[in-house]
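Overview (structure and organization)
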Amino acid sequence: FDVFDTLLLRPFREPADLFYLLGIRLSVPDFRYLRVEAERLAREEALKRGGSGEVTLGAIWKVLSAMTGTDAVEGARAEMDLESQYCQANPYFIPVLEKLRKGGKKVILTSDMYLDGEFIQRLVEEKGLGCFDGCFVSCRSGRSKWRGDLYREMQERLGGADTGEEPSVIHVGDNLHSDVRMAEKAG
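Summary of the structure given here. (Residues numbered from 1 in each chain as written. Predicted model: local features only at pLDDT ≥ 70, side-chain atom pairs only at ≥ 80, totals over all residues. Heavy atoms only, no water.)

Digging into the pairing of strand 3 (residues 108–111)
Residue alternation in strand 3 divides its side chains into two sets, I108 and T110 and L109 and S111, and both sets are buried. Of the pairings in the sheet, the one linking strand 3 to strand 4 (residues 134–137) comprises 4 bridges and is parallel in character. Note on strand 4: the bridge partner recorded for L109 is C135. Viewed along the sheet, the connection from strand 3 through helix 6 (residues 117–126) into strand 4 turns out right-handed. (Buried < 20%, exposed > 50% of the residue type's maximum accessible area, 1.4 Å probe, protein only. Helix = DSSP H or I, 4+ residues; strand = E, 2+ residues; numbered from the N terminus. Pairing = 2+ DSSP bridges. Right-handed = clockwise from strand over helix to strand, strands pointing away.)

Next up, the structure:
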């Protein structure tokens, strides 16, 4: 399952609208613009270093701290606190997840996200969606659903290494490109 805008919902028109509230909390004017720009610059820097362009929250806050003077650790913590405060479980998926688990299916999280997998797993559990059998996040491996290579990583790690068989996987998400087209392309 995709996480954000699928299993977890935010009460904002756009996900970056959370940054308005973060700017108020941190007393930084025009924070939404600065936070979006810091992420763009961090991704650009990651590409220059030969990476995939996937970045962590820490990398974003390193750039943002230089822009705003806000302590990077304090800022990242405040951002995660607001995500925890405003994310809500999508009630549609609670019975779906329960039925899959009762049927003995592995239930895995996938996300193109700068938040680390442990935080995401803790967040979905805290919001009442239960425990998951794994979490694949783009910032951890530098692979993404958007490019399709995160699906290949899932198949490699979840596949029957002892049998050589690929797992049978159904992916659920809200983004036509990342969650549908690229998942289909990956099989």
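Some thoughts on the packing of helix 3 (residues 57–68) against helix 4 (residues 72–86)
Between helix 3 and helix 4, the shortest axis-to-axis distance is 9 Å and the interhelical angle comes to 125°. Regarding the angle of helix 3 to helix 4, the classification is oblique. The chirality of how helix 3 crosses helix 4 is right-handed. Contacts between helix 3 and helix 4 involve L57, W61, K62 and S65 from the former and A72, G75, A76, E79 and M80 from the latter. Looking at the contact of helix 3 with helix 4 residue by residue, the class counts come to 5 nonpolar, 2 polar and 2 charged. (Axes fitted to C-alpha atoms, helices over the stretch in contact; angles between N-to-C directions. Parallel < 35°, antiparallel > 145°, perpendicular 65-115°, else oblique. Left-handed = near helix turned anticlockwise from the far one by under 90°. Contact = heavy atoms within 4.5 Å. Nonpolar A, V, L, I, M, F, W, Y, C, P; charged D, E, K, R; others polar.)

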